[in-house]
Amino acid sequence: MWSWDSNNNYFQRSGGNVDVELTDKSLNRYSVHFPTAGWYLWPATGLGFGVREAVTVTISFESWGQHLDLDLQQDERWMVAGPLFDITAEPGGGIAKIHLPHFISFQGDEVDISWFQVAHFKDEGMVLEQPTQVEPFYAILENLSFSLMGILLPASGTRLLVPITSTTLIYYHPHPEAIKFHVYLIPSDCTITKGKDGQEDRFHGVRLQTSSQVKPLNFGSCYVVSGCAHLEIVPKLKLSYRSPGEIQPFSKVYAGKMKKLIQLKITDKRFGNLVWESLVKPVDVQLGAASAPPAFSGAALVKEHHRQLQARMGDLGGVLDDLQDSEVLTENEKELVEQAQIWQRMNTTLLRMVENKVDQALELLYRSLKERDPYLQSSCGDPIKMKVRSHFLKGYRIVALAIKAPHGPSSHGNFQTLGSCMLK
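This report concerns the structure included in the present document. (Residues numbered from 1 in each chain as written. Predicted model: local features only at pLDDT ≥ 70, side-chain atom pairs only at ≥ 80, totals over all residues. Heavy atoms only, no water.)

1. Considerations on a positive patch on the surface
What counts is decided by this rule: What goes into a patch is any residue over 30% in relative accessible area without a salt bridge, connected to like charges within 9 Å or, for nonpolar side chains (Val, Leu, Ile, Met, Phe, Trp, Tyr), within 5 Å. Calculation of accessible area relied on Shrake-Rupley with a 1.4 Å probe; when residues are assessed, cover is drawn exclusively from the protein chains displayed. What counts as a salt bridge is simple: a side-chain nitrogen of Lys or Arg found within 4 Å of a carboxyl oxygen of Asp or Glu. All tallies of charge rest on Lys and Arg as positive and Asp and Glu as negative; His and the ends of each chain are not included. Charged side chains are reduced to one point each, which is NZ for Lys, CZ for Arg, CG for Asp and CD for Glu. Secondary structure is summarised from DSSP: a helix means a run of H or I of at least four residues, a strand means a run of E of at least two, and numbering begins at the N terminus for each.
A cluster of like positive charges, contributed by Lys 236, Lys 238, Arg 242 and Lys 269, occupies part of the molecular surface. You can see Lys 269 is positioned in the loop between β22 (262-268) and β23 (274-280).

Printed below as a string of structure tokens:
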């Protein structure tokens, strides 16, 4: 089954690979030029194209939750069965057929291929089309009409019965006192894996290349993570479909200093059947640590620029979600910040809470602010230093925020002004 890997941004063909170009990171948009007729497969996604002539294809990773009619979701009339892509081609006639990936398992007799529908999202709404052919892992679509497209199954009577091809993801989180892992159980959907990589990366999580194969599972079923006796595990997992941007449930595994290998297992909670197991070795963790981005002094920056952050932080909705997800804030603490209502009071309350915790909490706050506020990002990727300049104009104080990378050809402070706010 397909598993997203950013190092596999290429299409395979008989005459050699064709590179895929990331043209817009914020929109998850890629472009590829197929130079000749032939068959091309993108292993990281499962997308395949039968090409008649030279053609340029644009592919965007999309979210079902943003496009599927909310009424349909509430009525649970449809079950998502694979990734959603926005595909265009120039010239349009250059593509003869497409293989669209799906994560429905054909194990046993539970699946009727007549259930499969290709959903197209157009100006007139969602249009359904029967695929030309359905195979394990993909459906074939011919007589093409380019649009947002992905595979759905009717949910009535099938949601809890259809076996799902699933994937286990393990992310390593370094800590001086105890190594921590996040374990996810998700449908084998490259867009979910890619989204999860991005979310974990914001909090220094590094995906380990361990065994990810899982026996076919069912949506709505609960599973338990277990392991060696010395591990501390928050075990329960529930397999469900959540769009790439949504928070996915995960199990936390605390492994101490991890001086020797550990074994992890996932079992069906109801029947106790083993569905997945893997070994994580100290060398896996060492490789993960080596591939992690270099540490930055986020905690020190937050402490040093407390007043500037208190005056400048704006909409905290996403930041509060990040901090709750990473367990920096409890639900009650998040509500206390939100109850402050006035933005400066919210900023003050949040900073006071986080500064009373360990430095790792400050690092996570810094990371979230840097990710969500483009004014705090450095183009060179180094930690950023903030500088506040202010002057007065007709009774108002104009505060301008500037940043500068700590290392560079000039050491005399050519700060670049990124934004400003007006304070009474």
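Still to come is the rest of the account.
2. A look at the nonpolar core
Stated formally: By convention a nonpolar core is built from buried Ala, Val, Leu, Ile, Met, Phe, Trp, Tyr and Cys residues, the set being connected through side-chain atoms within 4.5 Å. When accessible area is computed with a 1.4 Å probe and restricted to protein chains, residues below 20% of their type maximum are described as buried, those above 50% as exposed, and intermediate ones as partly exposed. Contact definition: two residues touch when any of their heavy atoms are within 4.5 Å.
Phe 11, Phe 49, Val 57, Ile 104 and Phe 181 are the most contacted members of the largest nonpolar core, which totals 80 residues. Setting aside residues no more than four positions away along its own chain, Phe 11 makes contact with Gly 16, Asn 17, Val 18, Val 20, Val 32, Phe 34, Tyr 40, Leu 41, Trp 42, Leu 47, Phe 49 and Ile 59. Leu 301, Val 302, Met 313 and Val 328 belong to the second largest nonpolar core, which has 25 residues in total.

3. Section: helix α8 (residues 331-339)
Residues that lie three or four places apart on an α-helix share one face, since the helix turns once every 3.6 residues. Inclusion rule: Of all possible arcs, the one meant is that of the directions from the helix axis to the C-beta atoms.
For α8, the full list of buried residues reads Glu 333, Lys 334 and Val 337. Seen end-on, α8 carries its buried residues on one side only, within an arc spanning 100°. For α8, the exposed residues lying more than 90 degrees away from the buried face are Asn 332 and Gln 339. Where α8 is buried, its residues meet α7 (317-325) and α9 (343-355).

4. Description of the sheet that holds strand β8 (residues 78-90)
To keep things clear, this is the line we draw: A pair of strands counts as paired when DSSP detects no fewer than two bridges linking them. Helix axes are fitted only over the stretch in contact, all axes being lines through C-alpha atoms; the angle between N-to-C directions runs from 0 to 180 degrees.
Judged by pairing direction, the sheet is antiparallel, and its seven strands sit side by side in the order β3-β4-β7-β8-β14-β10-β11 without closing on themselves. Of all strands in the sheet, those with a lone pairing partner are β3 (21-24) and β11 (125-129), marking the two edges. Pairwise comparison of adjacent strand axes, ignoring direction, gives a mean angle of 30° for this sheet. Sheet topology note: the strand β4 (residues 29-34)/strand β7 (residues 55-62) ladder contains six bridges and is antiparallel. Bridging from a neighbouring strand, His 33 pairs with Thr 56 of β7. Where helix α3 (residues 190-201) meets the sheet, its contacts fall on β4, β7 and β8, and the angle it forms with β8 comes to roughly 85°.

5. Quick word on the packing of α8 against α9
Where we set the bar: Any angle that is under 35 degrees is reported as roughly parallel, and any over 145 degrees as roughly antiparallel; angles of 65 to 115 degrees are reported as roughly perpendicular and all others as oblique. Nonpolar residues are Ala, Val, Leu, Ile, Met, Phe, Trp, Tyr, Cys and Pro. Charged residues are Asp, Glu, Lys and Arg, and all others, Gly as well, are polar.
It is the contact of α8 with α9, at a shortest axis distance of 8 Å, that shows an interaxial angle of 150°. In terms of their interaxial angle, α8 and α9 are classed as roughly antiparallel. Contact with α8, carried on its side by Glu 333, Leu 336, Val 337 and Glu 338, involves Met 346, Thr 349, Leu 350 and Met 353 of α9 and no other residues of that element. Looking at the contact of α8 with α9 residue by residue, the classes come out as five nonpolar, one polar and two charged.

6. Examining α3
Rule in force here: One less than the number of residues in a helix, times 1.5 Å, gives the span that helix is expected to have.
Its twelve residues give α3 an end-to-end C-alpha distance of 16 Å, which sits within 8% of 16 Å, the value for a rise of 1.5 Å per residue. Of all twelve residues in α3, nine are buried, a share of seventy percent or more. Looking at α3, one finds that the buried residues are Cys 190, Thr 191, Ile 192, Thr 193, Lys 194, Lys 196, Asp 197, Gln 199 and Glu 200. Of the surrounding secondary structure, the elements contacted by the buried residues of α3 are β4, β7, β8, β15 (166-173), β16 (180-187) and β17 (206-207).

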